[in-house]
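# Remarks on the overall topology
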Amino acid sequence: MDAATTLVGSLLACAGVLGAAVVAYLGKRGENALNGYSSLTEKLQAERDRLERIVAERDTRITELATLHAADQSEIARLRFDVHRLGGAP
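Structure report, in brief.

Conventions we followed
- Each chain carries its own residue numbering, running from 1 in the written order of its sequence.
- Selection of residues for local features in this predicted model requires a pLDDT of at least 70, selection of side-chain atom pairs for listing and counting requires 80 or more, and totals for whole chains, interfaces and linings are taken over all residues.
- In computing side-chain properties, one takes all heavy atoms of the structure into account and sets aside hydrogens as well as water.
- What counts as a helix is a DSSP run of H or I of at least four residues, what counts as a strand is a run of E of at least two, and both are numbered from the N terminus.
- Here the radius of gyration uses the C-alpha set of atoms, whereas the globule reference equals 2.2 Å times the residue count to the power 0.38.
- Three labels apply to residues, based on accessible area from a 1.4 Å probe with only protein chains included: buried if under 20% of the type maximum, exposed if over 50%, partly exposed otherwise in between.
- We score Asp and Glu as negative and Lys and Arg as positive, and we do not count His or the chain ends.
- One atom stands in for each charge, and that atom is NZ of Lys, CZ of Arg, CG of Asp or CD of Glu.
- A carboxyl oxygen of Asp or Glu within 4 Å of a side-chain nitrogen of Lys or Arg is what we treat as a salt bridge.
- Multiplying 1.5 Å by the residue count of a helix minus one yields the expected span of that helix.
- Patch building starts from residues that exceed 30% relative accessible area and form no salt bridge, then joins like charges within 9 Å and nonpolar side chains (Val, Leu, Ile, Met, Phe, Trp, Tyr) within 5 Å.
- Every accessible area reported is derived by Shrake-Rupley at a probe size of 1.4 Å, with residue values counting cover from the shown protein chains alone.

Before going further, it helps to spend a moment on the overall build of the protein. Looking only at helices and strands, the protein has one helix and zero strands in total. Taken over the C-alpha trace, the protein has a radius of gyration of 38 Å; the compact-globule value for 90 residues is 12 Å, which it surpasses by more than 25%. Its C-alpha atoms give the protein principal-axis dimensions of about 125 × 15 × 5 Å. Within the span of the protein, comprising 90 residues, buried residues form 1% of the whole. Averaging the coordinates of the 11 positive side-chain charges in the protein and doing the same for the 12 negative ones gives two points 6 Å apart.

Dropping the structure here:
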């Protein structure tokens, strides 16, 4: 009876250790997955910020070019008026 009790106790202890090992393995796996997800999220946010900066720079450049275009158009209109006023054909 004493040997049987020791055997059952040993088997239960072995099952407990194996169960703890499985839980630790799965927990570490979940932690690695979470770290990978966090890393991916950080990379995506950095890329989004970079692209937003690029778009803002392009919008600024488009605004500058639109202003220059408007100034050029008004200068062309003024010169056409001067040509017409002086008797030329535009």
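Counting across every chain of the model gives seven salt bridges. Asp49 serves as the salt-bridge partner of Arg48, at 3.2 Å between the closest nitrogen and oxygen. In this structure Arg48 comes out as partly exposed when scored by relative accessible area, which is 43%. Residue Arg78 pairs with Asp82 through a salt bridge whose shortest N-O separation is 3.0 Å. In this pair, Arg78 and Asp82 both sit in helix H1 (residues 2–85), four residues apart, roughly one turn of the helix. Note on Arg78: relative accessible area 41%, which makes it partly exposed.

This brings us to the environment of Arg80. Here Arg80 lies in helix H1. The class of Arg80 is exposed, set by a relative accessible area of 53%. The sequence separation of Arg80 and Leu65 amounts to 15 residues, and the corresponding C-alpha distance is 22 Å.

What follows covers H1. With 84 residues, H1 should cover 124 Å at 1.5 Å per step; its first-to-last C-alpha distance of 123 Å lies within 8% of that length. Following H1 by one or two positions, Gly87 adopts a phi angle in the positive range, close to 100°.

Now for the environment of Tyr25. Looking at where Tyr25 falls in the secondary structure, it is placed in helix H1. It is 91 Å that separates the C-alpha atoms of Tyr25 and Leu86, two residues lying 61 residues apart in sequence.

A grouping of Val22, Tyr25 and Leu26 is seen on the molecular surface, where their side chains present a nonpolar patch of about 320 Å² in accessible area. Checked against the element boundaries, Val22 lands in helix H1.

Any link to function would need more than the numbers given here.
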